[in-house]
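What follows is the residue order along each chain.
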Amino acid sequence: MQDLENEQRPIQDVNHSTAVLQAMWSDPSGSDADMKSGVHMSHRGEDIPEFGPDVSEKYCRDNKLGMIIRSHQYIKEGYKVSKPPAPRTIERSSPMPVF
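Here, residues in each chain are numbered from 1, in the same order as that chain's written sequence. Local features in a predicted model are, by the rule used here, given only for residues with pLDDT of at least 70; side-chain atom pairs are given and counted only at 80 or more, and totals for whole chains, interfaces and linings are based on all residues. Note: side-chain values were computed over all heavy atoms of the structure, leaving out hydrogens and water.

Concerning the overall build of the protein
Line of reasoning, step 1. Numbered from the N terminus, helices here are DSSP runs of H or I no shorter than four residues, and strands are runs of E no shorter than two. In terms of helices and strands, the protein carries three helices and five strands.
Line of reasoning, step 2. The linear arrangement of helices and strands in the protein, starting from the amino end, is α-α-β-β-β-α-β-β.
Line of reasoning, step 3. Only protein chains enter the accessibility calculation, which uses a 1.4 Å probe. A residue is then buried if its area is under 20% of the maximum for its type, exposed if over 50%, and partly exposed in between. Out of the 99 residues belonging to the protein, those deemed buried represent 28%.
Line of reasoning, step 4. Any two residues having at least one pair of non-hydrogen atoms within 4.5 Å are treated as being in contact. A fraction of 23% describes how many contacts in the protein between residues 6 or more apart in sequence connect residues 24 or more apart.

Digging into the environment of threonine 18
Line of reasoning, step 1. Within the fold, threonine 18 resides in helix α2 (residues 18-25).
Line of reasoning, step 2. Take threonine 18: its relative accessible area is 52%, and that puts it in the exposed class.
Line of reasoning, step 3. Considering only alpha carbons, one finds threonine 18 and leucine 4, 14 residues apart in sequence, at a separation of 9.7 Å.

A few points about the sheet that holds strand β2 (residues 39-42)
Line of reasoning, step 1. Whether two strands pair comes down to DSSP finding at least two bridges between them. In space, the three strands of this open sheet follow the order β1-β3-β2, with mixed pairing throughout. Two strands lie at the open edges of the sheet, namely β1 (27-28) and β2, each paired on one side alone.
Line of reasoning, step 2. The pairing of β1 with strand β3 (residues 45-51) spans two bridges and is parallel. The residue of β3 that forms the bridge with proline 28 is phenylalanine 51.
Line of reasoning, step 3. Helix axes are fitted to C-alpha atoms over the stretch in contact, other axes to C-alpha atoms as well, and angles between N-to-C directions run from 0 to 180 degrees. Across the sheet, α2 touches β1 and β3, and the angle it forms with β3 is around 55°.

Some words on helix α3 (residues 53-62)
Line of reasoning, step 1. Pro53, Ser56 and Cys60 are the residues of α3 that are buried. One side of α3 holds all its buried residues, which, seen down the axis, span an arc of 60°.
Line of reasoning, step 2. Along its buried surface, α3 packs onto β3 and β4 (68-70).
Line of reasoning, step 3. Phi turns positive one or two residues past the end of α3, at lysine 64, with a value near 55°. The directions considered for the arc run from the helix axis to the C-beta atoms.

A word on the confidence of the model for the protein
Line of reasoning, step 1. Residue-level confidence of the predictor is what pLDDT reports, using numbers from 0 through 100. Averaged over the protein, the pLDDT score is 75; the fraction of residues at 70 or greater is 72%.
Line of reasoning, step 2. Here strand β5 (residues 89-91) stands out as the element of the protein with the lowest mean pLDDT, 60, in contrast to helix α1 (residues 2-5), whose mean of 86 is the highest.

Here we look at unusual backbone geometry
Line of reasoning, step 1. Look at the link from arginine 9 to proline 10: it is a cis peptide, with omega at -5°.
Line of reasoning, step 2. As for its placement among the helices and strands, proline 10 is situated in the loop between α1 and α2.
Line of reasoning, step 3. One non-glycine residue, lysine 64, adopts positive backbone phi at about 55°.
Line of reasoning, step 4. Relative to the helices and strands, lysine 64 is located in the loop between α3 and β4.

So, in structure tokens, the structure goes:
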């Protein structure tokens with residue numbers, strides 16, 4: 001959180017900072033049925049981590065947060081609330097247009 005708080009605003013280029021890049025594009029691992037623990041490489045690229053529910057839980061506890069809300073991933077039903085032990089994560093966005 002401190003790295004993100006120290007970023008100069010407005011942020012013009014998310015690729016300029018690893019903290020901003022990872023905050024923007026890192027993902028929880030898989031679905032509730034096949035979540036992996038820990039931090040591992042994402043399909044998005046080598047600088048983008050994928051993280052398990054254990055990482056989310058520790059991050060929320062360490063930063064005194066009740067949940068993580070994500071909004072850049074399309075979910076057909078409109079939202080998804082992850083099951084415990086992971087913090088509740090609500091995902092919501094419209095489908096991306098294809099050009």
